[in-house]
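Listed below, chain by chain, are the residues.
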Amino acid sequence: MLDTSTSLQDDKQLSSTAPQFVQGMGLFSATAIVMGSMIGSGIFIVSAEMSRGLGSPALLIAAWLVTAVMTIIGALSYGELAAMMPKAGGQYVYLREALGPLWGFLYGWTLFLVIQTGTVAAVGVAFGKFLGVFFPSVSGSNWIWHIGHVPAWHVGPMVLGNMDIGLNTANLAAIVVITLLTALNSLGVKMGSAVQNVFTSAKVLALAAVVLVGVVAKNSVAIAANFGAGWHNFWAGAGWGTLHAVQVGVGGPTVYVGLLTMVAVVQVGSLFSSDSWNNVTFTAGEIRDPKRNLPLSLVIGTGVVLLLYVLCNFVYLSVLPMAGDPAAATIAGRGIQFASEDRVATAVMEQAFAGSGAKLMAAVILISTFGCVNGLLMAGARVYYAMSRDGLFFKSVGKLSERSKTPVNSLWVQWVWTCLLCLSGSYGQLLDYVIFAVLVFYILTITGLFVLRRSRPEAVRPYKALGYPVLPALYIVMALWICAVLLRYKPQYTWPGLMIVLLGIPVYLVWTRMSGARQESEQV
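It should be emphasised that the depicted structure is a prediction, and the values quoted were computed from it without experimental measurement.

Trainee: What am I meant to see in the side chain of N171 here?
Mentor: The residue N171 is located in helix α7 (residues 169-186) in this model. For N171, the side chain forms a polar contact with the main-chain oxygen of G166, separated by 3.1 Å. Contact partners of N171, with chain neighbours within four places excluded, come to V125, G166, C422 and L423.

Written out as structure tokens, the structure is:
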């Protein structure tokens, strides 16, 4: 039987003969990981689809505020767990200690298979696509080696497949960036955190500059359409009795739902854009004074980013009308709802700065995506390292480099799978599938906070979750409501994600049996 007790884990990590993590990151670097992992390309895009579903400026802001409230409560709750267990692996460790090794493995399995690697692939390819603004030859349609097209496969309300496999110049740019940043992170945590600090600072300043655009480039037509006299238009369509149309699944029937249900439906966009704030917990073993700096970095990082996100959406509303016509010839005529390829931020910058707007926005997104990929690569490798130390992943992944004191093998195993996802063209679909699973793991982890308060009341807690038990319970209720709504109205986002998670159960059973057999043979 596999022994995954805390004492064994500690003995492994504290072995005097093995390389140990270097605590090379302070509060600024930890906060940079939080902010840098959150800010990718989503904030610049998802408001278009959200606006099409909501049709109300007030509800668009409300959806982002709901996401902000949930994320900050989550960060406050994770702060207690992070200060209590400041170990490499973060959320994986919290689930393992609170609910058992199976739950930790299922999280790590899903993280490796889809959540972390799929996000890196998607953000990397977004980098390539926006690089095409400056170099037109970099494009998802410019194929170097087109292996083939996987046809669409309809399974109930879901559509699987429908993707091109091969190497094009956009995913080649992604692979080059992912390779470069993996190599830099292999040199040591100080190198990885230095890159993160520079690019997070740059993209936060760039995002703040986008907010300033709303001050200097306000459009009177957009303000009249979205706000109106006494903010009358702002609140239009946001009444409790207003019904909103939702299509069930892909190609399913259209039904009409109330305000709370509609806001929950569109949370897929805002939650995805705000996700990965928990990544800093994965690097806990390399943060100085983690019992203080981890909780602080979570609260500061999520608070600043979410404030910028909400302000960005007010900027969108002050420059472009929300409602638009997909056939309109002008940027303003298409509005937020039908911005070209959903690139709302680009449309706002073009409206404000005419010909140079697209290149200005592309430069912002290149900075943003580069820093995001770095933070995700750095953090994800620490989870697979922790899993390997528990005998739940390839043994070589659980070793630190003698020279750099970083999990180099883990970084390069992550690199292999991420590059394959880039070539497969499946990353976008995979990310759609896992947002539900991500939310489930957040619920389980915060439930673990309650479990550990009862099962380990004597444990040292340098920081206790603010508002416990009310705020963590509120998070669980809100997240369960969103999950229930997505199960009912957006099954294409939910059931595949659950299947990916559940596939981890037989893998866990096989891996624990193999690990147990290996331990027995080593003892003989």
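Trainee: Sorry if this is basic, but what is going on with empty space enclosed by the protein here?
Mentor: If a probe as big as a water molecule is rolled over the atoms, it shows which places are left empty. Counted according to the given criterion, the structure contains two cavities of 30 Å³ or more. The volume enclosed by the largest cavity comes to roughly 110 Å³. Elements that contribute at least two residues to the lining of the largest cavity include exactly α4 (57-84) and α18 (427-455). With four residues, α18 is the largest single contributor of residues to the lining of the largest cavity. The residue makeup of the lining of the largest cavity, split by class, is eight nonpolar, two polar and one charged. Counted as a void, the second largest cavity has a volume near 90 Å³. If you go around the second largest cavity, you meet 14 residues; those closest to its centre are Y107, I115, D275, N278 and V438. When residues of the lining of the second largest cavity are traced back to their parent elements, those giving at least two are α6 (101-131) and α18.

Trainee: Quick question: what am I supposed to make of the packing of aromatic side chains here?
Mentor: Aromatic ring pairs are reported here in terms of the distance separating the ring centres and the angle at which the planes meet. Enumeration according to the criterion identifies 25 aromatic pairs in this entry. Consider the rings of F112 and W417, whose centres lie 6.5 Å apart with planes at 25°: the pair is stacked. Note that F112 is positioned in helix α6 and W417 in helix α17 (residues 408-424), a separation of 305 residues in sequence. On the numbers, 5.2 Å between centres and 90° between planes, the contact of F234 with W235 is edge-to-face.

Trainee: I tried to follow the environment of W145 on my own but got confused; where do I start?
Mentor: In this fold, W145 is placed in strand β1 (residues 143-155). Take W145: its relative accessible area is 55%, and that puts it in the exposed class. For the pair W145 and M163, spaced 18 residues apart in sequence, the C-alpha separation works out to 15 Å. Contact partners of W145, with chain neighbours within four places excluded, come to I165, G166 and L167.

Trainee: Before we go on, may I ask you to explain a nonpolar patch on the surface in this structure?
Mentor: A cluster of nonpolar side chains, I144, W145, I147, L172 and V176, forms an exposed patch at the surface whose accessible area comes to about 500 Å². Elements represented by at least two residues in the nonpolar patch include exactly β1 and α7. In terms of residues, the nonpolar patch owes the most to one element, β1, which gives three residues.

Trainee: What exactly am I supposed to notice about the pattern of salt bridges here?
Mentor: Opposite charge on two side chains lets them pair, provided their charged atoms get close. Evaluation of the coordinates by the stated rule reveals eight salt bridges. The residue R461 makes a salt bridge to E80 at a minimum N-O spacing of 3.1 Å. Here the residue R461 occupies a position in the loop between α18 and α19 (470-489), and E80 occupies one in helix α4, the gap between them amounting to 381 residues. Classification of R461 by relative accessible area gives buried; the value is 12%. Between R96 and E97 there is a salt bridge, and its shortest N-O distance comes to 2.7 Å. For the pair shown, R96 and E97 are each scored as buried. One connected set of salt bridges, linked through shared partners, spans R96, E97, D390 and R456.

Trainee: Explain the environment of H232 to me, please; I cannot follow it from the model alone.
Mentor: You can see H232 is positioned in helix α10 (residues 232-235). Separated by 174 residues in the primary sequence, H232 and A58 place their C-alpha atoms 10 Å from one another.

Trainee: Is there a simple way to explain the packing of α4 against α19 in this structure?
Mentor: Angle between the axes and distance between the axes are the two parameters that describe a pair of packed helices. Two elements in contact, α4 and α19, have axes whose closest approach is 9 Å; the angle formed by their N-to-C orientations is 135°. By the criterion of interaxial angle, the relationship of α4 to α19 is oblique. For the element pair α4 and α19, the recorded crossing hand is left-handed. Contacts between α4 and α19 involve V66, M70, I73, G74, L76 and S77 from the former and L471, P472, L474, Y475, M478, A479 and I482 from the latter. Residues of the contact of α4 with α19, tallied by class, amount to eleven nonpolar, two polar and no charged.

Trainee: Can you walk me through the confidence of the model for the protein chain in this structure?
Mentor: Keep in mind that low pLDDT regions are not for reading the predicted coordinates in detail. For the protein chain, the mean per-residue pLDDT works out to 89, and 95% of the residues sit at or above 70. Low confidence marks residues 1-16, where pLDDT is under 50. Its contacts with residues over four positions away, or in another chain, come to 24 contacts.

Trainee: Help me out: how do you make sense of unusual backbone geometry in this one?
Mentor: The general pattern is negative phi for most residues beyond glycine and trans for most peptide bonds. With an omega of 0°, the peptide bond between Y468 and P469 qualifies as cis. Within the fold, P469 resides in the loop between α18 and α19. The phi dihedral of D289 is positive, around 45°, even though this residue is not glycine. By the element assignment, D289 lies in the loop between α12 (267-273) and α13 (290-319). Residue classification places D289 among the partly exposed positions, given a relative accessible area of 44%. In the Ramachandran plot, E341 falls in the positive-phi region, its phi being about 55° despite a non-glycine side chain. Here E341 lies in the loop between α14 (331-334) and α15 (344-353). On the basis of relative accessibility, which here comes to 61%, the residue E341 falls in the exposed class.

Basis of the calculations
Residues numbered from 1 in each chain as written. Predicted model: local features only at pLDDT ≥ 70, side-chain atom pairs only at ≥ 80, totals over all residues. Heavy atoms only, no water. Helix = DSSP H or I, 4+ residues; strand = E, 2+ residues; numbered from the N terminus. Polar contact = N/O pair within 3.5 Å; in protein donor to acceptor, adjacent residues only side chain to side chain. Contact = heavy atoms within 4.5 Å. 1 Å grid on protein atoms, 1.4 Å probe; cavity = no way out; pocket = protein on both sides within 12 Å on 5 of 7 lines; lining within 4 Å. Points joined across faces, edges and corners; volume = space filled by probe spheres on them. Nonpolar A, V, L, I, M, F, W, Y, C, P; charged D, E, K, R; others polar. Phe/Tyr/Trp six-rings, centres within 6.5 Å; stacked < 30°, edge-to-face > 60°. Buried < 20%, exposed > 50% of the residue type's maximum accessible area, 1.4 Å probe, protein only. Patch = residues over 30% accessible without salt bridge, like charges linked within 9 Å, V, L, I, M, F, W, Y side chains within 5 Å. Areas by Shrake-Rupley, 256 points an atom, 1.4 Å probe, with all protein chains shown as cover. Salt bridge = Lys/Arg side-chain N within 4 Å of Asp/Glu carboxyl O. Axes fitted to C-alpha atoms, helices over the stretch in contact; angles between N-to-C directions. Parallel < 35°, antiparallel > 145°, perpendicular 65-115°, else oblique. Left-handed = near helix turned anticlockwise from the far one by under 90°. pLDDT = per-residue confidence, 0-100.

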